[in-house]
Amino acid sequence: MDTSGACLLNATPREDEPRVAYRLARYLRKQAITSPSPENEDAAWNKVLPAVDQLQEFYEFSLQLEKSFPKLLVALCRDDPKASLSNQQALAKQLGDVFDFVLRFDDAKMVNPAIQNDFSYYRRSLSRMKLSKKDLNIKVRDELANRMSLFFAYPTPMMKVLSETTVKFLDDNSGNVSRDNVVGALGNMANICLDMVDKHKFSSNETNMFCLRAMTGAIILYDHVCYTGVFTKKSMIQMRAAVGVLKGYTDASTDGLLNALRFTTLHLNDPDTPGAIKQLLA
């Protein structure tokens, strides 16, 4: 496997980095809009600029994820996926790391809806800064800003990248990896993580939340790549138990993970989905 795939998470930016910067940037942006003056506009711009630079890091990481994630799938799914997860535990941990980051990032993005407003303010101000020749140190210019705007406009942008990348990889068959093997790897990953939390294998909340995020990410991706979805009775993932563990976990909030199952899966509302599962996620 290419080292860029194996070391994918080494380049992961911290998903909580923009929060403090955005609180101040949002306040100054409101000041610039409600009390417009050159001073207020410059103050808002100077605070929004580094926050946008941080968002660029996340956007660029999504591009790296798009490029590297298929390599991880090839390494884990070319042969028997159950054996690969057992025999290549470092790579299995990398898969868990990807799901952990993706769900943490998307949850942080969901609770910061002002990001899109602030980014719109940045794009509007960009034209003014170019006219006033104050754009010399700007890294995110028009074309990149447009692409970033499309990325952050989606409610769960990282999971969207992950699911679309995986579906395209399987449709193109570029890695000679069967869909059944990928489905099998994701199913086993979800069940292993479920079992570890359900049987209290770990006392650490941090470790348990890692397992729950990895389980949830595997479930969502399974639902995107398996033709019949994850919620049918034939699914290899124990969905009632998985939802039950998420709802019964009390050491930290799992609302974001439950919402991810509700809103980023494809087949929850299919006619074949058992009513008990729909009721659990209602």
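Reading guide: rules and limits
Residues numbered from 1 in each chain as written. Predicted model: local features only at pLDDT ≥ 70, side-chain atom pairs only at ≥ 80, totals over all residues. Heavy atoms only, no water. Helix = DSSP H or I, 4+ residues; strand = E, 2+ residues; numbered from the N terminus. Buried < 20%, exposed > 50% of the residue type's maximum accessible area, 1.4 Å probe, protein only. Contact = heavy atoms within 4.5 Å. Areas by Shrake-Rupley, 256 points an atom, 1.4 Å probe, with all protein chains shown as cover. Core = buried A, V, L, I, M, F, W, Y, C linked by side-chain atoms within 4.5 Å. pLDDT = per-residue confidence, 0-100. Arc of directions from axis to C-beta. Disulfide = S-S within 2.5 Å. Phe/Tyr/Trp six-rings, centres within 6.5 Å; stacked < 30°, edge-to-face > 60°. Expected span 1.5 Å × (residues − 1). Polar contact = N/O pair within 3.5 Å; in protein donor to acceptor, adjacent residues only side chain to side chain.

Caption draft 1: Inspection of the overall build of the protein at higher detail. The secondary structure content of the protein amounts to 13 helices and zero strands. Of the regular secondary structure in the protein, the N- to C-terminal order runs α-α-α-α-α-α-α-α-α-α-α-α-α. In the protein, which comprises 282 residues, the share counted as buried stands at 51%. Excluding contacts between residues fewer than 6 apart, the proportion of contacts in the protein whose partners are at least 24 apart in sequence is 75%. Surface summary for the protein: the accessible area is close to 14,000 Å², and the carbon and sulfur share equals 50%.

Caption draft 2: Expanded view of the nonpolar core. Membership of the largest hydrophobic core comes to 84 residues, with the highest contact counts inside it found for Phe69, Tyr122, Leu212, Met215 and Ile219. Sequence-distant contacts of Tyr122, defined by excluding residues within four places in its chain, comprise Trp45, Val48, Leu49, Val52, Ile138 and Val140.

Caption draft 3: Up close: the confidence of the model for the protein. Summarising the model, the protein shows a mean pLDDT of 84, and 82% of its residues fall at 70 or more. For the protein, the element scoring lowest by mean pLDDT is helix α1 (residues 3-6), at 37; helix α10 (residues 205-225) scores highest, at 97. A low-confidence stretch, residues 1-11 (pLDDT under 50), is modelled with 26 contacts involving residues beyond four sequence positions or located in other chains. Predicted confidence is poor over residues 17-25, with pLDDT under 50, and the contacts of this stretch with residues over four places away or in other chains come to 17 contacts.

Caption draft 4: Looking closely at the side chain of His267. Structurally, His267 is set in the loop between α12 (255-264) and α13 (275-280). The exposure class of His267 is buried, given its relative accessible area of 15%. Setting aside chain neighbours within four positions, we find His267 in contact with Asp223, Cys226, Tyr227, Thr228, Gly229, Phe231 and Thr273.

Caption draft 5: Representation of helix α11 (residues 239-248) within the structure. Within the span of α11, buried status applies to Met239, Ala242, Val243, Val245 and Leu246. Seen end-on, α11 carries its buried residues on one side only, within an arc spanning 160°. In α11, those exposed residues whose orientation departs by more than 90 degrees from the buried face are Arg240 and Gly248.

Caption draft 6: The arrangement of the state of the cysteines in detail. In the structure shown here, the tally under the stated rule is zero disulfides. Lacking any disulfide linkage, Cys211 is separated from the closest cysteine sulfur, that of Cys193, by 5.1 Å. Exposure remark for Cys211: the relative accessible area of 4% places this residue in the buried category.

Caption draft 7: Looking closely at unusual backbone geometry. One non-glycine residue with positive phi stands out, namely His200, at about 55°. Structurally, His200 can be placed in the loop between α9 (179-198) and α10. Its relative accessible area of 67% is what places His200 among the exposed residues.

Caption draft 8: Layout of the packing of aromatic side chains. Summed over all chains, the structure comprises seven aromatic pairs. Measuring from centroid to centroid gives 6.5 Å for Phe105 and Phe152, while their planes differ by 50°, and the two rings are tilted. Placement of the pair is Phe105 in helix α5 (residues 89-110) and Phe152 in helix α7 (residues 142-153), with a sequence separation of 47 residues. Pairing Phe119 with Tyr122 gives two aromatic rings, centres 5.8 Å apart and planes at 25°, and the pair type is stacked.

Caption draft 9: Quick peek at the environment of Ala214. Relative to the helices and strands, Ala214 resides in helix α10. With 22 residues separating them along the chain, Ala214 and Ile192 place their C-alpha atoms 9.8 Å apart. Excluding residues that lie within four positions of it along the chain, Ala214 makes contacts with Gly96, Phe99, Met189 and Cys193.

Caption draft 10: Highlighting α10. With 21 residues, α10 extends 30 Å between its outermost C-alpha atoms, agreeing within 8% with the 30 Å of an ideal straight helix rising 1.5 Å per residue. Sitting at the amino-terminal end of α10 is Ser204, which places a side-chain oxygen 3.3 Å from the backbone nitrogen of Glu206.

Caption draft 11: Layout of the side chain of Gln56. Topologically, Gln56 is positioned in helix α3 (residues 38-77). Accessibility expressed as a relative area gives 9% for Gln56, which makes it buried. Once residues within four sequence positions are removed from consideration, Gln56 is found in contact with Lys139, Val140, Leu144 and Met148.

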